[in-house]
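Next come the chains, spelled out residue by residue.
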Amino acid sequence: MFWEDFRELVPATKNYIYLNHAALSPTPLPVLYETFRYLYEVSKSGTIADNEEQKDELFHIRKNISNLIKADPLEISLIPNTSFGINEVAHGIEYDDKSNVVTDSLEFPATVYPFLKIKKLEKRIVNASPYDIEDKIIENIDENTKIVSISQVSFNTGVRIDVQKIVTKAKKVDALVLLDIIQSAGAIKINVKDLGIDFAVAGGYKWLMSPQGSGFMYIRKGLLEDPPFYGWKSAKNYLDFDPTKFELEKGPRRIEIGTIDIAANLGLSKSAEIISSHEDEIEKRVLQLSAYAIDLAEDKKFEVITPKEKRAGIVVIKVKKPKEITSRLAQRSIIVSPRGEGIRISTHFYNTEEEIEKTINSIYQEVS
């Protein structure tokens, strides 16, 4: 099976039980080799290699990413991290004195903090639980809501929200929806058109198993045509290097204000190509393994914070002193994270049931 073959391409599996993909994934060899390929070409021929890679405006990278999330390649901009993309949106749309943004208390700070800089914008940070998050958000959307900023999967509870339910309410009042997909892209199938969202952002180093410094931004056609920040690559004729003349680029490069990490994003492109080619098996396997982790934890009488029926790849088990336990597990080569009120287990498709069993049993031993 694909997942078994892929497992052999992840060197970390030789030394660790690695269940920490929601933090940082180990780089698989095909992704590593693609980054090395470019860096080696640059070492041999410098700008000749770089010019060759960029001669199509990096369309080959955009195409692989667009296939992953079912977008148009010209709706994909390459960004260094999720925070950059969220700031582009937060500062790129117009507000009036009545405008509000709706987000929630389960968010990673990157989804919230950029809006705090906008003084005249009312910030509605809704207190929510994994079980009522959609209803709480919808209750706070009104005719003055300019944008809803949410994550598809919560980093600290693992809850996978019903995006379309929220989008339906947002569209009734002409509000935009920004979706952070860093904890879902690569783990579950995503179709941005079916979801009906306006923006999506993700770094590549979690479930997409790509280098840090890689990332992408989906911008629905017709939006953010004049971005909030300009750089030398924002110009249509940027290779003229003329500071006295400026015409804004109309394509996705308008967001990419400066030199991006080509090597890292080539790694992301390779990962997107692999994952989109096996997306059914990957999603099925991710959901099977997270369900298995929940079942084992509940068998041990742990309180599981992540709702089984609203999960993706993250499972959070409530324990006392999660940081101390996580540290001791690492000494036994079991890699997980302390998050929220417990220990976060994030299983990717190439993990095994045996790894999950050993991890749950080890946590049980630590608390017994």
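Strand S6 (residues 176–180) sits mainly inside the fold: five of its five residues count as buried. Here S6 shows a buried face lined by Leu 176, Leu 178 and Asp 180 and a second buried face lined by Val 177 and Leu 179. Sheet topology note: the strand S5 (residues 145–151)/S6 ladder contains five bridges and is parallel. In the sheet register, Ile 147 faces S6, and the bridge partner there is Leu 176. Regarding topology, helix H8 (residues 163–172) serves as the crossover connection from S5 to the parallel S6, and that connection is right-handed. Direction of pairing for S6 relative to strand S7 (residues 199–203): parallel, over a ladder of three bridges. Counted as the bridge partner of Leu 179 is Ala 200 from S7.

Moving on, we come to the sheet that holds strand S10 (residues 314–318). Through backbone hydrogen bonds, the strands of a sheet pair up, either in parallel or in antiparallel fashion. Taken in spatial order, the four strands of this open sheet run S9-S10-S13-S12, and their pairing is antiparallel. Of all the strands in the sheet, just strand S9 (303–304) and strand S12 (337–339) have a single pairing partner and so form its edges. Inspection of the sheet shows S9 paired to S10 by two bridges, in the antiparallel sense. The residue bridging Glu 303 from the neighbouring strand is Lys 318, located in S10. Here helix H11 (residues 279–299) sits on the sheet in contact with S9 and S10, set at roughly 15° to S10. Set on the sheet, helix H13 (residues 353–367) makes contact with S10 and strand S13 (342–346); between it and S13 the angle comes to about 170°.

Within helix H5 (residues 82–90) the residues assigned to the buried category are Thr 82, Gly 85, Ile 86, Glu 88, Val 89 and Ala 90. Looking at the buried residues of H5, the elements they touch are helix H6 (113–116), S5, S6, S7 and strand S8 (215–219). Of the residues flanking the start of H5, the one acting as N-cap is Asn 81, its side-chain oxygen 3.3 Å from the backbone nitrogen of Ser 83.

Moving on: unusual backbone geometry. Phi angles above zero are rare outside glycine, and Asp 174 is one such case at about 60°. If you trace the backbone, Asp 174 turns up in the loop between H8 and S6. By relative accessible area, Asp 174 is classed as exposed at 67%. Located in the positive-phi region is Phe 241, a residue other than glycine, with phi close to 55°.

The next point concerns the nonpolar core. Ile 69, Val 148, Ile 181, Ile 197 and Phe 216 are the most contacted members of the largest nonpolar core, which has 67 residues in total. At seven residues, the largest contribution of residues to this core is made by helix H10 (residues 262–277).

Time to look at the packing of aromatic side chains. Evaluated as defined, the whole model comprises ten aromatic pairs. Residues Phe 2 and Phe 6 carry aromatic rings whose centres are separated by 5.7 Å and whose planes lie at 50° to one another, so their mutual orientation is tilted. You can see Phe 2 and its partner Phe 6 sitting in helix H1 (residues 2–7), four residues apart, about one turn around the helix. Side by side, Phe 2 and Phe 6 carry an identical accessibility label, which is buried. Ring centres 5.9 Å apart and planes at 85° place the aromatic pair Phe 349 and Tyr 350 in the edge-to-face group. With relative accessibility at 0%, the residue Tyr 350 sits in the buried group.

Here the focus is the packing of H11 against H13. Contact geometry for H11 and H13: axes closest at 10 Å, N-to-C directions at 30°. Taken together, H11 and H13 sit at an angle that is classed as roughly parallel. Taken as a pair, H11 and H13 cross one another with a handedness that is right-handed. Each of Arg 285, Leu 289, Tyr 292, Ala 293, Leu 296 and Ala 297 in H11 lies in contact with H13, whose residues at this interface are Glu 353, Ile 356, Glu 357 and Ile 360. A breakdown of the residues in the contact of H11 with H13 according to their chemical character gives seven nonpolar, no polar and three charged.

Time to look at the environment of Gln 164. Position of Gln 164 relative to the elements: it lies in helix H8. Taking the C-alpha atoms as reference points, Gln 164 and Asn 81, separated by 83 residues in sequence, lie 25 Å from one another. Beyond its immediate stretch of four places on either side in the chain, Gln 164 contacts Asp 194 and Leu 195. A distance of 2.8 Å separates a polar side-chain atom of Gln 164 from the backbone oxygen of Asp 194.

It is worth spelling out helix H4 (residues 59–69) at this point. All buried positions along H4 are accounted for by Ile 61, Arg 62, Asn 64, Ile 65, Ser 66, Leu 68 and Ile 69. Each element contacted by the buried residues of H4 is listed here: strand S2 (76–78), helix H9 (192–195), S8, H10 and H11. In the stretch just after H4, Lys 70 is the one whose phi turns positive, near 65°.

Here is what the cut-offs are and how they apply
Residues numbered from 1 in each chain as written. Predicted model: local features only at pLDDT ≥ 70, side-chain atom pairs only at ≥ 80, totals over all residues. Heavy atoms only, no water. Buried < 20%, exposed > 50% of the residue type's maximum accessible area, 1.4 Å probe, protein only. Helix = DSSP H or I, 4+ residues; strand = E, 2+ residues; numbered from the N terminus. Pairing = 2+ DSSP bridges. Right-handed = clockwise from strand over helix to strand, strands pointing away. Contact = heavy atoms within 4.5 Å. Axes fitted to C-alpha atoms, helices over the stretch in contact; angles between N-to-C directions. Polar contact = N/O pair within 3.5 Å; in protein donor to acceptor, adjacent residues only side chain to side chain. Core = buried A, V, L, I, M, F, W, Y, C linked by side-chain atoms within 4.5 Å. Phe/Tyr/Trp six-rings, centres within 6.5 Å; stacked < 30°, edge-to-face > 60°. Parallel < 35°, antiparallel > 145°, perpendicular 65-115°, else oblique. Left-handed = near helix turned anticlockwise from the far one by under 90°. Nonpolar A, V, L, I, M, F, W, Y, C, P; charged D, E, K, R; others polar.

By themselves these figures say nothing about function.
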